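Coordinates in review
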Amino acid sequence: MSAKVFVKTYGCQMNEYDSDKILDVLRCTWGYAQAQDVEDADLIVFNTCSVREKAREKLYSELGRVRLRKKPSALIAVGGCVASMEGTAVIERMPCVNVVFGPQTLHRVGAMVQEYLRTRNPQVDVGFPGIEKFTYFPMPQVHGASAFVSIMEGCGNRCSYCVVPLTRGEEQSRPMREVLREVTCLASQGVKELTLLGQNVNAWASPLPAESGLGLDTLLEEVANVAGIERLRFLTSHPRFFVPGLVDAFGTIPKLASQLHLPVQHGSDRILAAMGRGYTVAQYIDLVQRLRAVRPGMSIGSDFIVGFPGETEEDFAQLIKLVDLVEFDNSFSFLYSPRPNTPAALLEDDTPRMVKQRRLRQLQEAITQNIERISARLVGTVQTVLVEGPSARDSAELAGRTECNRVVNFPGVPSLVGQMVPVRITETRTYSLRGECLQTFHRC
Ligand code: SAH
Ligand code: SF4
Ligand code: F3S
């Protein structure tokens, strides 16, 4: 009987993609089967995030729990961004861990486990071999009509608060022809919606001399031309690298969804400068206006950091003003968390935690109000919905996503799953919608 592996994922979509690849490699190259849960596994893999202290602490509390696992012979491997930052220190703090690997060495995990079994010595490899890992991934096997494709590794920016460049290494893009090979394989399995991933995705630039000078706009065009691909997204974009050609792409590539995650982080020029983001609020607003000139009503989401060192009430007021002006859609907001080895961690931070928490609440209320306003405008419209499966609330209904990435629940039949169908929006809930399918279907 095959050994079983369970992978638990924390963090961003790039980690989700990486976890799928860890599973693919362990299954196809090392003969593992996928375990249903931690207790059932012979190998437990944690793919971790260290973007904020809370995310890092989650790993250690989880390790505390699995230390007492029912199957004591099960091995434990820690990968991802905490592993990359801390290396052998993970094992020093938690001796139950057998293998430690980083985001760029995840393809080696099978061999590291073998080596551990042979020697009984803990194995650590958190090196930065660049994009080598992609050449070890078997062709993906997917279920469902949506998929992620990582098109680059690392981040070349140095935002003053952020550990990602330290954990994921220097920015390196995958060649276009490799990306297209993966996309074609996904499309042949019924994938209709793709999200291209990178921490700085709009800075993608082919590394091959033969593809020299090609940027994300060309890659999007090529991916959109792959037969079967009907909807395309990319994330996460940095406003500084949003070149005019990429704005134009929204005019020339109809398959690009009218939705963009474009993190602004803050609404005060003083704070943006201290964060090292490399743009002003006015430049960000200008970019949004140019995008919406090409795609009227485009949904824009953002990440926000509240309570950055030195943030005053006036800075915060400017952030709220920007939120209302841009009318941000689905967004993520976080309390600033000082990270080791980042320049911002050295800044004096005298804003009381209570004040920061109040600001975070206020920001989240402002975002929710915007989301509700946007949802209300969708009532009565017909949206193209990619049907994902049964609704989480009521398994007799279906759930899918609109172009602006809202979940819509509606009555339907299982044969619609995986299809793009027209749905009239009838009602709003804060983060989801209800609707009726306009495509005829028959219940058997
Ligand atoms: N590459 C993306 C996002 C990377 S991390 C970008 O630049 O937009 C995801 C989000 O976590 C960031 O956008 C930021 O809002 C948040 N984040 C990063 N470091 C943080 C920190 N030290 N404290 C709080 N939030 C942080
Ligand atoms: Fe971090 Fe900035 Fe890179 Fe995003 S762009 S991953 S916030 S350094
Ligand atoms: Fe977290 Fe690493 Fe992603 S720090 S947000 S898992 S790149």
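On a predicted model such as this, the values are computed, not experimentally measured, just so you know.

What counts, and where the lines are drawn
- Residues numbered from 1 in each chain as written.
- Chains lettered and ligands numbered in written order.
- Predicted model: local features only at pLDDT ≥ 70, side-chain atom pairs only at ≥ 80, totals over all residues.
- Heavy atoms only, no water.
- Helix = DSSP H or I, 4+ residues; strand = E, 2+ residues; numbered from the N terminus.
- Buried < 20%, exposed > 50% of the residue type's maximum accessible area, 1.4 Å probe, protein only.
- Contact = heavy atoms within 4.5 Å.
- Areas by Shrake-Rupley, 256 points an atom, 1.4 Å probe, with all protein chains shown as cover.
- Domains from an automatic or database assignment.
- Buried area = accessible area lost by both parts, 1.4 Å probe.
- Near = heavy atom within 4 Å.
- Nonpolar A, V, L, I, M, F, W, Y, C, P; charged D, E, K, R; others polar.
- Salt bridge = Lys/Arg side-chain N within 4 Å of Asp/Glu carboxyl O.
- Pairing = 2+ DSSP bridges.
- Axes fitted to C-alpha atoms, helices over the stretch in contact; angles between N-to-C directions.
- UniProt positions renumbered as here; feature names shortened; annotations may be inferred.
- Expected span 1.5 Å × (residues − 1).
- Arc of directions from axis to C-beta.
- Polar contact = N/O pair within 3.5 Å; in protein donor to acceptor, adjacent residues only side chain to side chain.

**Here's the deal with the overall build of the chain**
A tally of regular secondary structure across the chain gives 13 helices and 20 strands. Expressed as lengths along the three principal axes of its C-alpha atoms, the size of the chain is roughly 65 × 65 × 50 Å. Across the 444 residues in the chain, those meeting the buried criterion constitute 55%. In the chain, the proportion of contacts linking residues at least 24 apart, taken out of those at least 6 apart, comes to 73%. Carbon together with sulfur atoms contributes 52% to the accessible area of the chain, which is approximately 19200 Å² in total.

**Here we look at the domain arrangement of the chain**
Domain boundaries assigned for the chain yield domain 1 (4-125), domain 2 (144-377) and domain 3 (379-437). If you average the C-alpha positions of domain 2 and of domain 3, the two centres end up 26 Å apart. Each partner contributes to the interface: domain 2 provides 22 residues, whereas domain 3 provides 20 residues. Summing both sides of the interface, domain 2 and domain 3 together bury roughly 1500 Å²; the carbon and sulfur share of this comes to 45%.

**Looking at the site of ligand 2**
Lining the immediate surroundings of ligand 2 are Cys-155, Asn-157, Cys-159, Tyr-161, Cys-162, Val-164, Pro-165, Gln-199, His-238 and Arg-277. In the shell around ligand 2, the residues fall into six nonpolar, three polar and one charged.

**With respect to the site of ligand 3**
In the vicinity of ligand 3, the contacting residues are Cys-12, Asn-15, Thr-48, Cys-49, Ser-50, Val-51, Cys-81, Arg-168 and Gln-199. The class makeup of the residues in the shell around ligand 3 is four nonpolar, four polar and one charged.

**Things to note about the pattern of salt bridges**
Overall, the coordinates contain 35 salt bridges when judged by the stated rule. With a closest N to O distance of 3.2 Å, Asp-18 and Lys-133 form a salt bridge. Here Asp-18, found in helix 1 (residues 13-28), pairs with Lys-133, found in the loop between strand 6 (123-125) and strand 7 (146-150); they are 115 residues apart in sequence, far enough to count as distant. Of the two residues, Asp-18 and Lys-133, both sit in the buried class. A salt bridge links Arg-373 to Glu-327; the shortest N-O distance between them is 3.3 Å. Residue Arg-373 is found in helix 13 (residues 353-378), and its partner Glu-327 is found in the loop between helix 12 (313-326) and strand 15 (332-335); the two are separated by 46 residues along the sequence. Beyond isolated ion pairs, a larger network of salt bridges with shared partners links Glu-53, Arg-56, Glu-57, Glu-86, Arg-93 and Arg-339.

**Section: the sheet that holds strand 3 (residues 43-48)**
The strands making up a sheet associate through backbone hydrogen bonding, with each pair oriented either parallel or antiparallel. Reading across from one edge, 2-1-3-4-5-6 is the order of the six strands in this open sheet, with parallel pairing throughout. Lying at the two open borders of the sheet, with one neighbouring strand each, are strand 2 (33-34) and strand 6. Direction of pairing for strand 3 relative to strand 4 (residues 75-79): parallel, over a ladder of five bridges. From the neighbouring strand, Ile-44 faces strand 4, where its bridge partner is Ile-76. The strands touched by helix 1 are strand 1 (4-9), strand 2, strand 3 and strand 5 (99-101); relative to strand 1, the strand with the most contacts, the crossing angle is about 175 degrees. Docked against the sheet, helix 2 (residues 53-66) engages strand 1, strand 3 and strand 4, running at close to 170 degrees with respect to strand 3.

**Topic: the UniProt feature "domain: Radical SAM core" (unreviewed entry) in the chain**
UniProt marks residues 141-373 with the feature "domain: Radical SAM core" (unreviewed entry), using the numbering shown here. Taken end to end, residues 141-373 is 39% helix and 14% strand, and its two terminal C-alpha atoms sit 39 Å from one another.

**Notes on the UniProt feature "domain: TRAM" (unreviewed entry) in the chain**
The positions UniProt marks with the feature "domain: TRAM" (unreviewed entry) are residues 376-439. Split by type, residues 376-439 is 5% helix and 53% strand. Its first and last C-alpha atoms lie 23 Å apart.

**Considerations on the sheet that holds strand 7**
Read from one edge to the other, the open sheet built from three strands follows the order 7-10-11, with strand pairing classed as parallel. Since the sheet does not close on itself, it has two edges, and those belong to strand 7 and strand 11 (231-235), each with one partner. If you compare each strand with its neighbour and ignore which way they point, the axes differ by 20 degrees on average. By the bridge criterion, five bridges tie strand 10 (residues 193-197) to strand 11 in an arrangement that is parallel.

**Observations regarding helix 12**
Because an α-helix packs 3.6 residues into every turn, residues spaced three or four apart end up facing the same way. Taking 1.5 Å of rise per residue, the 14 residues of helix 12 would be expected to cover 20 Å, and the 20 Å separating its terminal C-alpha atoms lies within 8% of that figure. Those residues of helix 12 that fall on the buried side of the exposure criterion are Asp-315, Phe-316, Leu-319, Ile-320, Leu-322, Val-323 and Val-326. Burial along helix 12 is one-sided: seen end-on, the buried residues are contained in an arc of 160 degrees. Of the exposed residues in helix 12, the ones pointing more than 90 degrees away from its buried face are Glu-314, Lys-321 and Leu-325. In the core, the buried residues of helix 12 are packed alongside helix 10 (269-275), helix 11 (281-294), strand 14 (303-306) and helix 13. One or two steps after helix 12, the chain reaches Glu-327, where phi turns positive at roughly 55 degrees.

**Remarks on the side chain of Thr-167**
The topology assignment puts Thr-167 in helix 6 (residues 164-168). Once you skip the residues sitting within four places of it in the chain, Thr-167 turns out to touch Ser-50, Cys-81, Ser-84, Met-85, Pro-103 and Phe-128.

**With respect to the side chain of Ser-331**
When you line up the elements, Ser-331 lands in the loop between helix 12 and strand 15. Its relative accessible area of 16% is what places Ser-331 among the buried residues. A polar contact is formed between the side chain of Ser-331 and the backbone nitrogen of Ser-302, at a distance of 3.1 Å. Within the structure, the side chain of Ser-331 is placed 2.6 Å from the backbone oxygen of Asp-329, a separation counted as a polar contact. For Ser-331, the contacting residues outside a window of four places in its chain are Gly-301, Ser-302, Phe-304 and Ile-367.

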